Amino acid sequence: MRKIAFVTQKGGSGKSTLAISLALAAQEAGERVFLIDMDPQRSLGNWASAREGNELPVEFITPAKLPRAIAELEKSKISLVIIDTPSTETPAADAAIKAADICVIPARPTVFDLWSSELTRSKIKSLGKEFCFVLNQCPPMADSQRVQDGVGALEAMGGLLSPLVVSRADYQEAARYGLGPTEYAPEGKAANEMRQLWSSLKRRFNKMKSAATKEPAKIAAKKAA
Ligand SMILES: Nc1ncnc2c1ncn2[C@@H]1O[C@H](COP(=O)(O)OP(=O)(O)OP(=O)(O)O)[C@@H](O)[C@H]1O
Ligand SMILES: [Mg+2]
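The paragraphs below set out a description of the structure included in this document. None of the values given here were measured: they were computed from a predicted structure.

## Here's the deal with the site of ligand 1
Thought 1: Taken together, 18 residues form the shell around ligand 1, and within it Lys15, Ser16, Thr17, Ser87 and Gln172 come nearest.
Thought 2: Between ligand 1 and the protein, one listed contact pairs an oxygen atom with a side-chain N or O atom of Ser87 at 2.4 Å.
Thought 3: Computed on the free molecule, ligand 1 has an accessible area of 620 Å², of which 79% lies beneath the protein chains in the complex.
Thought 4: Residue assignment for the shell around ligand 1 shows that the elements contributing at least two residues are helix H1 (15-28) and helix H7 (169-176).
Thought 5: With 3 residues, H1 is the single largest residue contributor to the shell around ligand 1.

## Side note on H1
Thought 1: With 14 residues, H1 should cover 20 Å at 1.5 Å per step; its first-to-last C-alpha distance of 20 Å lies within 8% of that length.
Thought 2: The buried fraction of H1 amounts to 11 of the 14 residues, a majority that puts the element mostly inside the structure.
Thought 3: Burial in H1 covers these residues: Lys15, Ser16, Leu18, Ala19, Ile20, Ser21, Leu22, Ala23, Leu24, Ala25 and Ala26.
Thought 4: Phi turns positive, to about 105°, at Gly30, one or two residues after H1.

## Points about the pattern of salt bridges
Thought 1: By the definition in use, this model includes 12 salt bridges.
Thought 2: Ionic pairing is found between Arg121 and Glu118, a salt bridge with its closest N-O pair at 2.8 Å. Note that Arg121 and Glu118 are positioned in helix H5 (residues 111-126) at a spacing of 3 residues, about one turn of the helix.
Thought 3: By relative accessible area, Arg121 is classed as buried at 15%.
Thought 4: One network of salt bridges, with partners in common, ties together Lys3, Glu74 and Asp101.

## So, H5
Thought 1: Spanning 16 residues, H5 covers 23 Å between terminal C-alpha atoms, matching the ideal 22 Å at 1.5 Å per step.
Thought 2: Here H5 has its buried residues at Asp113, Leu114, Ser116, Ser117, Thr120, Arg121, Lys123 and Ile124.
Thought 3: Among the structural elements, helix H4 (91-99), strand E5 (102-107), strand E6 (130-135) and helix H6 (145-156) are those in contact with the buried residues of H5.
Thought 4: Positioned one or two residues after H5, Gly128 has a phi angle of 70°, which is positive.

## Details of the environment of Ile78
Thought 1: Following the sequence through the fold, Ile78 ends up in the loop between helix H3 (66-74) and strand E4 (80-84).
Thought 2: Looking at Ile78, the relative accessible area reads 16%, which means it is buried.
Thought 3: A C-alpha to C-alpha distance of 5.9 Å links Ile78 and Val33, two positions 45 residues apart in sequence.
Thought 4: Excluding residues within four positions of it along the chain, Ile78 makes contact with Met1, Arg32, Val33, Phe34 and Leu73.

## Digging into the packing of aromatic side chains
Where two aromatic rings form a pair, the distance of their centres and the angle of their planes describe that pair.
Thought 1: Counted under the stated rule, the structure contains 3 aromatic pairs.
Thought 2: Measuring from ring centre to ring centre gives 5.7 Å for Phe112 and Trp115, while their planes differ by 75°; the resulting arrangement is edge-to-face. Here Phe112 pairs with Trp115, and both are found in helix H5, just 3 residues apart, close to one helical turn.
Thought 3: Of the residues examined, Trp115 reaches a relative accessible area of 55% and is grouped as exposed.

## Observations concerning the pairing of E6
Thought 1: The element E6 is largely enclosed, with a buried count of 5 among its 6 residues.
Thought 2: Inspection of the sheet shows E5 paired to E6 by 6 bridges, in the parallel sense. Within the sheet, the bridge partner assigned to Cys103 lies in E6 and is Phe131.

## Here's the deal with the sheet that holds strand E1 (residues 2-6)
Thought 1: If you trace the 6 strands from one edge of the open sheet to the other, you get E3-E2-E4-E1-E5-E6, paired in parallel fashion. Looking at strand neighbours, the two that pair on one side only are strand E3 (58-60) and E6, the edges of this open sheet. Neighbour-to-neighbour, the strand axes of this sheet turn through a mean angle of 25°, independent of strand direction.
Thought 2: Both strand E2 (residues 33-37) and E4 contribute to a ladder of 5 bridges, which runs parallel. Bridging from a neighbouring strand, Val33 pairs with Leu80 of E4.

Analysis parameters
In this convention, every chain numbers its residues from 1, walking through the sequence in written order. Following the order in which they are written, the chains are lettered starting with A and the ligands numbered starting with 1. Since the coordinates come from a predicted model, pLDDT governs what is reported: local features require at least 70, and pairs of side-chain atoms require 80 or more to be given and counted, while whole-chain, interface and lining totals use all residues. Values reported for side chains reflect all heavy atoms of the structure, with hydrogen atoms and water molecules removed beforehand. Proximity is defined per residue: if any heavy atom of the residue lies within 4 Å of a molecule or strand, that residue is considered near it. Polar contact is the term for a pair of N or O atoms within 3.5 Å; when the atoms are in protein, one must be able to donate a hydrogen and the other to accept it, and sequence-neighboring residues count only if both atoms are side-chain atoms. In short, Shrake-Rupley with a 1.4 Å probe defines the accessible areas, and a residue's cover is counted only from the protein chains shown. Think of it this way: any DSSP run of H or I at least four residues long counts as a helix, any run of E at least two long counts as a strand, and we number them from the N terminus. In this scheme, a helix's expected span is set at 1.5 Å multiplied by one less than its residue total. The buried label goes to any residue with under 20% of its type's maximum accessible area, the exposed label to any with over 50%, and the partly exposed label to all in between, with areas taken from a 1.4 Å probe on protein chains only. Each salt bridge in this description consists of a side-chain nitrogen of Lys or Arg and a carboxyl oxygen of Asp or Glu lying within 4 Å of one another. Two residues form a contact once any of their heavy atoms are found within 4.5 Å. Two rings from Phe, Tyr or Trp (for Trp, the six-membered ring) form a pair when their centres sit within 6.5 Å of each other. Planes less than 30 degrees apart are called stacked, planes more than 60 degrees apart edge-to-face, and all others tilted. Two strands make a pair as long as DSSP finds a minimum of two bridges between them. Helix axes are fitted to C-alpha atoms over the stretch in contact, other axes to C-alpha atoms as well, and angles between N-to-C directions run from 0 to 180 degrees.

No statement about biological role is implied by the geometric values presented.
Dropping the structure here:
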């Protein structure tokens, strides 16, 4: 079971929107997804109430109960857990970082978001966890200098997921109906962005897995030398 946490100290950068949209893109690709809402604002819980049918489970879980909940999910058929966290440094964000295999840090292409991303990255690194960035709410002209500066800064900090996520009405409209873009406008650009984002994350998971399996071989080779 893979675990992703959306984390950043910066409010409004798109954690909840991306958690939902990615969850549905991954589900479309065959994953059995479980969404965990750790934000007292309960964005995911409210979104789920607007949703007809409950084929995508969403549960609010407190930091103290998270390790147990994850252990239970490990025993189930769930293949992917996506955790949404509150902004600012809270026990919920810490618990989510510790539980995740990889933390995704969304940032808008603004200096305030980029500065904040640096703080979040340091926190995740101090907990010894993997992380990557996603640039969200980019203007449609992605080749603007502001976006390119954002790309450069996040790549320098260690790993930017593709694609750049553009500011699109589909993300907001889909959420209004308790949907993700892949359901609301399956042929739309937002839907395709989310499919590509899931592919990028899957590639990262595969890389992490092959690095982890190579590590014992390296240690054995050193011992034999
Ligand atoms: N790619 C996007 N295109 C258009 N609107 C977006 C996009 N991403 C996020 N938004 C909008 O930006 C606002 C903030 O997004 P969201 O609530 O997902 O951020 P958040 O990081 O979860 O915020 P909080 O820190 O309050 O939890 C919302 O109104 C959402 O609809
Ligand atoms: Mg949120």
